[in-house]
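# Analysis of the macromolecular model
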Amino acid sequence: MLTAEEKTYFMQEAIKEAQKAKEKLEVPIGAIVVLDGKIIGRGHNIREESNDATTHAEILAIKEANRHLGNWRLEEAQLFVTLEPCPMCSGAMILSRIKELYYGASDPKGGTAGTLMNLLDDQRFNHQVQIEKGLLEEECSELLSDFFRELRRRKKEEKAQRRANKLQQDDSQL
């Protein structure tokens, strides 16, 4: 059983991964896999960089943990992620037998660890994942909110610049 201090530490490590994604102008989501109190897998979103829809933070962290152990089973491992997992990532947790999930911000549009739906405790699957939500929730939520606010601002500026260029081009043709 992890202590509150350990949970906070590991979520801060997931946030560091999310910061790496943000620096690459990716949606800032980070994840880590922990086993026996040690980080064995890290990941952050790289969908834009990789042009691969499956390169979510959780998937990359699980893959690294699998390589680290030389095993696809992560039966005693915990996964820490800054945003509630999507259906694909929840499926990967079930298939890799992750024991516990800790996440920061809820995702009302796509979260499948209790918000939109809960795949992780569905008894029809052969494995269920224990869930603790809201760990460093405010920090995780702010990271995402700030990112999307900045993205909207940049897009608005680009649109205004395109409009100004078009007007300038039209004026030069007169």
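These numbers come from a predicted model, not from an experiment.

## Quick word on the pairing of strand β1 (residues 30–35)
The buried fraction of β1 is high, at 6 of 6 residues. Here β1 shows a buried face lined by G30, I32 and V34 and a second buried face lined by A31, V33 and L35. Linking β1 back to strand β2 (residues 38–44) in an antiparallel pair, the connection comprises 2 residues, with D36 at a positive phi of about 55°. Here β1 runs beside strand β3 (residues 78–83); their pairing, made up of 4 bridges, is antiparallel. Residue pairing across strands places V33 opposite L79, the latter belonging to β3.

## Focus: the packing of aromatic side chains
Throughout the structure, instances matching the rule amount to 4 aromatic pairs. Arranged with centres 5.2 Å apart and planes meeting at 80°, the rings of F147 and F148 form a pair that is edge-to-face. You can call F148 partly exposed: its relative accessible area is 33%. Put simply, the rings of Y9, F10, F80 and Y102 pair up and form one aromatic cluster.

## Some thoughts on the UniProt feature "active site" (unreviewed entry) in the protein
When the UniProt feature table is mapped onto this chain, "active site" (unreviewed entry) is found at E58. The exposure class of E58 is buried, given its relative accessible area of 4%. For E58, the residues in contact, after removing those within four places along its chain, are A31, L79, V81, L83, P85 and C89.

## Brief notes about the UniProt feature "binding site: Zn(2+)" (unreviewed entry) in the protein
UniProt records the feature "binding site: Zn(2+)" (unreviewed entry) at H56, C86 and C89, using the numbering of this structure. In three dimensions, the annotated residues from a span of 34 residues occupy one location, with a maximal C-alpha spread of 9.3 Å. Residue placement: H56 occurs in the loop between α2 (47–50) and α3 (57–69). Setting aside anything within four residues of it in sequence, one finds H56 in contact with N45, R47, C86, M88 and C89. Following the sequence through the fold, C89 ends up in helix α4 (residues 87–96).

## Considering unusual backbone geometry
We note that D36 has phi near 55°; this positive angle belongs to a residue other than glycine. Here D36 shows up in the loop between β1 and β2. Exposure remark for D36: the relative accessible area of 66% places this residue in the exposed category. Its identity as a non-glycine residue notwithstanding, R97 has a phi of 70°, on the positive side. The class of R97 is buried, set by a relative accessible area of 18%.

Reading the values: the criteria
- Residues numbered from 1 in each chain as written.
- Predicted model: local features only at pLDDT ≥ 70, side-chain atom pairs only at ≥ 80, totals over all residues.
- Heavy atoms only, no water.
- Buried < 20%, exposed > 50% of the residue type's maximum accessible area, 1.4 Å probe, protein only.
- Helix = DSSP H or I, 4+ residues; strand = E, 2+ residues; numbered from the N terminus.
- Pairing = 2+ DSSP bridges.
- Phe/Tyr/Trp six-rings, centres within 6.5 Å; stacked < 30°, edge-to-face > 60°.
- UniProt positions renumbered as here; feature names shortened; annotations may be inferred.
- Contact = heavy atoms within 4.5 Å.

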